[in-house]
Amino acid sequence: MTAARLRAAVLALAALTLALWVTDVVRQLQGGSAGAGLVFYAVAGVAAVAVALAVARQRGGERMALVIAVWLCVSALDDLAVDWPVSRSATTAWMLAHGLAPSAFAVMVLAYPSGRLRGRGERLLVALAVLAGLVWMGAPLLFFRPGGCATCAPRVSSWLYTGTTFDYLPVGQASWVAFIALGLVFVVLLVGRLRAAPPGARVTLLPLGLAVFFAAAEFIAQRVVWLGGWAGPVAALDWIDRANALLLPLAIFLGLAAIRRRRGPLGDLVVELGRAGPGQVQPALARSIGDSTLELALWIPDRGEFVDEAGMPIDTSAIPRGRVLTAIGPPGEPVAALIHDERLLGQRPLLEAAGSAARLALENTRLQAELRAQLAELRSSRARIVEAADAERRRVERDLHDGAQQRLLALGLALQLLRERNADPELLGQAEAELQTALRELRDLARGIHPTILTEQGLGPAVRSLADRAAIPITVEAGDERYPAAIETAAYFVVAEALNNVAKHAAARSAAVTIDRRNGRLRVEVSDDGCGGAVASAGGGLQGLADRVAAAGASLTLTSEPGAGTTLEVELPCGS
Amino acid sequence: MLIVDDHPSFRRLATRLLREAGFAVVGEAADGDGAVREAERLCPDVVLLDVVLPDRSGLAVARELALLRDAPRVVLISSRGRSDFGDSFAWPPGCSFLPKHELTAARLRDALQHG
């Protein structure tokens, strides 16, 4: 549930509780039972509801407030309907409320201060209390009939009355024994929690702890009195019972207030600054200092001037009357300054602390922005390096063709001319064979550096030509469409390196290359039916590939279960 | 025959080789524009045309030559091999291709007879 919904639920329950209490007081007044007890009862009830609402107003207190409101509502129902003259509905409601009141109480205490139960033990205790309560009040719910039990308060049966009755007093007594046992466990649990709490947390637990021991003592005393059948102390215990309705929520409020006090206004500011986005630091600061006109000025040492959150310079020589500048930081070396109402000067420590916190938050934001910018720059520089390397490869390939290879080709023609001139045919044959080998090696080298067909014809034909030269059959599924040069080059070298790996390591009988376009991304998949088990080790070819595709803004997926072949998949962004 | 290649030594040696093998080499050109000019002037039967020329692609030159009144047979030559161009390479119609490292008088005759 959101905080707003929780608050709405608290509000609804508070309204219901108040209505029940007012009805009860009015009814008791009509019954002629006005007196100090009733006044105290009415005041305590209203105050308790007010405390629950106050808890709900605190940030993070909504859930706790709901738990308090549930308990108050159940208690009010319990008090109101106990001797409602004739209503079967009221009797049914009272019996249920009376049975569940101890559980609601336990939940409220155990859930403090977060509003949630912690751990299986607490949940089990509450579940057992609910069970004991249902057994306890289940008997009168089902079997109570007026006149059947002299000591019972209601005058009508519940809506669940079965039409028969029996002496169910032992059932009630048995549940009381269970309640007392559960109560002891509850007390042990609370003592344990108090002892385990660090000193800092103990202060916040103490008010509720005291209130609970008070309430628990009263609760146990009441049951003992009831079990023993003594009438004397009942009235006194009723007073204490009513005081509890106020004491418990009040203790919770005080505990939560202690938590807030420990955090203080600066704590709130730090929490708020942690969540503050760009441009929200100054308003947060203004709220925490309590000066809506407050301005935050940051000192930029390189520029020797103050700027605001957006980086615009602030003219500190033109501060209007009634406003002053408080510098933050060591004397002569400001890190920031606050421009504020001069009446706040008495709170210099608060101003300094708040300014430092704000400075920290802004520094954080600035560093993050800087980091993001650096990362973006790193990415684009990596892409530029790869692009430059690719351009260099194309240049080297061209140079090989235009330079060395042309000279060797001319040499070939010269050798042919020599043959016509009856030179030594054996020697000539040897020279021509050497020359052809050199030319072939040169062509292979050039192709490895950057294949012409990729530039001229694109990815599909280049990959098909690559597949044609492979030692094993390779099926290629690829169209003839063109992509940006950087993408084509990256994709080509992915396939080339993958096929190279297939030939070297996979012991595959065949392989397949699929290149297609999906959702604006070029997908390249190379799979083989070899031995699998490939890993991208550092410095290896696969790692080099991963780096290359990462530079193109893509990622590489390698699936290579031992014995199940290898599939390499790369998705490259290819623009529109 | 007209020989078009931007490498002077290759051009000169090819001219000598083919002349000695009985081809009548009537002219040489070092770039695309020169090739078209010389072809118009000399009306050769055959043009030996490098695929990569400094001013424009040999393929474009081949297409232009095909439009001449007495269109010559064009044999495209390249320092790259056939597989570097791929199976789907769009060779201009009516052209043969001969890698430079396979260029001999005999291979040229083959290409002219069969291509």
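Keep in mind the model is a prediction, meaning the values are calculated, not measured.

What to know about the pattern of salt bridges
Residues and elements named next belong to chain A. Throughout the structure, instances matching the rule amount to 27 salt bridges over all chains. Measuring nitrogen to oxygen at the nearest pair gives 2.6 Å for the salt bridge that ties Arg464 to Asp480. With Arg464 in helix H13 (residues 459–468) and Asp480 in the loop between strand E6 (474–477) and helix H14 (485–506), this residue pair connects regions lying 16 residues apart in the sequence. Its relative accessible area of 27% is what places Arg464 among the partly exposed residues. Glu488 serves as the salt-bridge partner of Arg482, at 3.0 Å between the closest nitrogen and oxygen. When salt bridges that share partners are traced, they join Asp516, Arg518, Arg523, Glu525 and Glu569 into one network.

Let's talk about a nonpolar patch on the surface
Taken together, the side chains of Leu124, Leu128, Leu131 and Val135 of chain A present a nonpolar region at the surface, about 360 Å² in accessible area. With respect to the helices, strands and loops of the structure, Leu131 of chain A is situated in helix H5 (residues 119–143).

Some details on the pairing of strand E5 (residues 95–99) of chain B
Residues and elements named next belong to chain B. Burial analysis of E5 places four of its five residues in the buried class, the great majority of the element. Sheet analysis places strand E4 (residues 73–78) next to E5, joined by five bridges and oriented parallel. The partner of Ser78 across the bridge, within E5, is Pro99.

A short note on the sheet that holds strand E10 (residues 566–573) of chain A
All names here are of chain A. With respect to topology, five strands assemble into an open sheet ordered E6-E7-E8-E10-E9, the strand pairing being mixed. Both edges of this open sheet fall to E6 and strand E9 (555–559), since each of them pairs with a single strand only. Taking the axes of each pair of neighbouring strands and ignoring which way they run, one obtains an average angle of 10 degrees across the sheet. With eight bridges connecting them, strand E8 (residues 521–528) and E10 associate as antiparallel partners. Among the inter-strand pairings, Glu525 is bridged to a residue of E10, identified as Glu569. The strands touched by H14 are E6, strand E7 (511–518), E8 and E10; relative to E8, the strand with the most contacts, the crossing angle is about 10 degrees. Along the sheet face, helix H15 (residues 541–551) touches E9 and E10 and points at about 145 degrees away from the line of E9.

With respect to the interface of chain B and chain A
Contact with chain B, which involves 23 residues of that partner, is made by 25 residues of chain A. Contact between chain B and chain A buries roughly 2200 Å² in total, counting both sides, with carbon and sulfur atoms accounting for 53%. Contact with chain A buries surface across chain B, with Arg80, Asp84 and His101 of chain B losing the most and accounting together for 27% of the total. In this structure, the connection of chain B to chain A is made through two salt bridges.

A few points about the environment of Ala42 of chain A
All names here are of chain A. Within the secondary structure layout, Ala42 lies in helix H2 (residues 36–57). We classify Ala42 as partly exposed; its relative accessible area is 24%. Distance in space between the C-alpha atoms of Ala42 and Val26 is 10.0 Å, their sequence separation being 16 residues.

Focus on the packing of aromatic side chains
The description of an aromatic ring pair rests on the distance of the ring centres and on the angle between the ring planes. Evaluated as defined, the whole model comprises eight aromatic pairs over all chains. Note on Trp136 of chain A and Trp176 of chain A: the rings are 4.4 Å apart at their centroids and 65 degrees apart in plane angle, and the pair reads as edge-to-face. Here the residue Trp136 of chain A occupies a position in helix H5, and Trp176 of chain A occupies one in helix H6 (residues 169–196), the gap between them amounting to 40 residues. For Trp136 of chain A, a relative accessible area of 8% translates into the label buried. With 4.6 Å between their ring centres and 35 degrees between their planes, Trp91 of chain B and Phe97 of chain B make a pair best called tilted. Put simply, the rings of Trp71, Phe105 and Phe186 of chain A touch in pairs and so form one group of aromatic residues. A cation sits over an aromatic face here: Lys100 of chain B above Phe10 of chain B, 4.7 Å from the ring centre.

Parameters at a glance
Residues numbered from 1 in each chain as written. Chains lettered and ligands numbered in written order. Predicted model: local features only at pLDDT ≥ 70, side-chain atom pairs only at ≥ 80, totals over all residues. Heavy atoms only, no water. Salt bridge = Lys/Arg side-chain N within 4 Å of Asp/Glu carboxyl O. Helix = DSSP H or I, 4+ residues; strand = E, 2+ residues; numbered from the N terminus. Buried < 20%, exposed > 50% of the residue type's maximum accessible area, 1.4 Å probe, protein only. Patch = residues over 30% accessible without salt bridge, like charges linked within 9 Å, V, L, I, M, F, W, Y side chains within 5 Å. Areas by Shrake-Rupley, 256 points an atom, 1.4 Å probe, with all protein chains shown as cover. Pairing = 2+ DSSP bridges. Axes fitted to C-alpha atoms, helices over the stretch in contact; angles between N-to-C directions. Contact = heavy atoms within 4.5 Å. Buried area = accessible area lost by both parts, 1.4 Å probe. Phe/Tyr/Trp six-rings, centres within 6.5 Å; stacked < 30°, edge-to-face > 60°. Lys NZ or Arg CZ within 6 Å of the ring centre and 35° of its normal.

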